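# Examination of the molecular architecture
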Amino acid sequence: MAAVTLGKPAAILKSAQLGYDGKGQVFLEPRDDASSAFVAIGQVPSILEARIDFSCEISVIVARTRTGEMVCFTPAENKHKNGILDVSFIPASVKSEIARQAENLAKKIAEGLALIGILCVEMFVTKKGELLVNELAPRPHNSGHWTIDGCITSQFEQAVRAICGLPLGSVNYFGKTKMQNLIGDDVSSWQKILNDKHAKLHLYGKAEARPGRKMGHVTWVDLKA
């Protein structure tokens, strides 16, 4: 039914739960059989989304307290590899008006959900400059790990502040920042990364480096920017 409604363009069938990092997704071309895709995804409750011709993906992390105080971290621009977040750049290379609209949209969603804590809102920026919400994650998010080293208050501290009713911390960032995920065997380069005096390495302590598994991340902050 969804394929008929969408006019059967190129689409993505996604499981409604437990889908992340490219898992729980089947790509559909117009000629493909939607019922076969449903079987391939395990016949679990799913949604069908038309594929968007977007210029970039950005994410905004918003924090909200019980009293309604809200702040947003500056939007990050995300690049993916095989459906997994590869690199985030801060600030996102979008017009200031789009960045402002993205933050306002994140706040509106947080208000509508009566959020207490933090929420990551991923959005597509279309080539026409429209914002389309792609994902909501009510928790610390991979695209916000840059805040650990690149911002006065990290997303983790901000979450604790929001939940405990403490004043929210400053979201000012120190300079242009790049966060690179270490996925699978990428983690084997940790010693080489340590030779870069400007790199901040974070390893997650996972015992086995499997393909597609996030093993850590590296952050670079340009303090002169």
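Notes on the structure follow. (Residues numbered from 1 in each chain as written. Predicted model: local features only at pLDDT ≥ 70, side-chain atom pairs only at ≥ 80, totals over all residues. Heavy atoms only, no water.)

### Describing the side chain of Asp149
- Examined against the element boundaries, Asp149 turns out to sit in helix H4 (residues 147-150).
- Buried charge without a partner: Asp149 forms no salt bridge, and the closest opposite charge is Lys200, 4.8 Å away.
- In this structure the side chain of Asp149 is engaged in a polar contact, spanning 2.7 Å, whose partner is the side chain of His202.
- Beyond its immediate stretch of four places on either side in the chain, Asp149 contacts Phe174, Lys200, His202, Thr219 and Val221. (Helix = DSSP H or I, 4+ residues; strand = E, 2+ residues; numbered from the N terminus. Buried < 20%, exposed > 50% of the residue type's maximum accessible area, 1.4 Å probe, protein only. Lys, Arg positive; Asp, Glu negative; His and termini not counted. Salt bridge = Lys/Arg side-chain N within 4 Å of Asp/Glu carboxyl O. Polar contact = N/O pair within 3.5 Å; in protein donor to acceptor, adjacent residues only side chain to side chain. Contact = heavy atoms within 4.5 Å.)

### Regarding a nonpolar patch on the surface
- A grouping of Ile52, Phe54 and Leu132 is seen on the molecular surface, where their side chains present a nonpolar patch of about 210 Å² in accessible area.
- Its location among the elements puts Ile52 in the loop between strand E3 (46-50) and strand E4 (54-64).
- Exposure remark for Ile52: the relative accessible area of 33% places this residue in the partly exposed category. (Patch = residues over 30% accessible without salt bridge, like charges linked within 9 Å, V, L, I, M, F, W, Y side chains within 5 Å. Areas by Shrake-Rupley, 256 points an atom, 1.4 Å probe, with all protein chains shown as cover.)

### Looking at empty space enclosed by the protein
- Taken as a whole, this structure holds two cavities of 30 Å³ or more when the rule is applied.
- What the second largest cavity holds in volume is close to 40 Å³.
- What lines the second largest cavity is Ser59, Ile61, Phe73, Thr74, Ala76, Ser143, Gly144, Trp146 and Thr147.
- Taken together, the residues that form the lining of the second largest cavity break down as four nonpolar, five polar and no charged. (1 Å grid on protein atoms, 1.4 Å probe; cavity = no way out; pocket = protein on both sides within 12 Å on 5 of 7 lines; lining within 4 Å. Points joined across faces, edges and corners; volume = space filled by probe spheres on them. Nonpolar A, V, L, I, M, F, W, Y, C, P; charged D, E, K, R; others polar.)

### Overview of the pattern of salt bridges
- Evaluated as defined, the whole model comprises eight salt bridges.
- Salt-bridge contacts for Glu77 lead to Lys79; the nearest nitrogen and oxygen are separated by 3.2 Å.
- Residue classification places Glu77 among the buried positions, given a relative accessible area of 7%.
- Across the salt bridge formed by Arg161 and Glu157, the nearest N and O atoms sit 2.8 Å from each other. Linking Arg161 with Glu157, this pair stays in helix H5 (residues 155-164), spanning four residues, or about one helical turn.
- Taking the relative accessible area as the measure of exposure, Arg161 reaches 24% and is therefore partly exposed.
- Classification of Glu157 by relative accessible area gives partly exposed; the value is 33%.

### Quick look at the layout of surface pockets
- The calculated volume of the largest pocket comes to roughly 1500 Å³.
- What lines the largest pocket is a set of 48 residues, among which Tyr20, Asp21, Gln25, Glu122 and Glu135 lie closest to the centre.
- Where the lining of the largest pocket is concerned, the elements lending two or more residues are strand E1 (11-15), strand E2 (25-28), E3, E4, strand E6 (76-81), strand E7 (84-90), strand E8 (117-126) and strand E9 (131-137).
- No other element matches E9, which puts five residues into the lining of the largest pocket.
- Per-class residue counts for the lining of the largest pocket are 18 nonpolar, 16 polar and 14 charged.

### What about H5?
- Among all positions in H5, only Gln155, Gln158, Ala159 and Ala162 are buried. Along H5, the residues classed as buried sweep out an arc of 105° about the axis, all on the same side.
- Considering only its buried residues, H5 is in contact with E4, strand E5 (70-72), E8 and H4.
- The first or second residue beyond H5 is Gly165, which carries a positive phi of 75°. (Arc of directions from axis to C-beta.)

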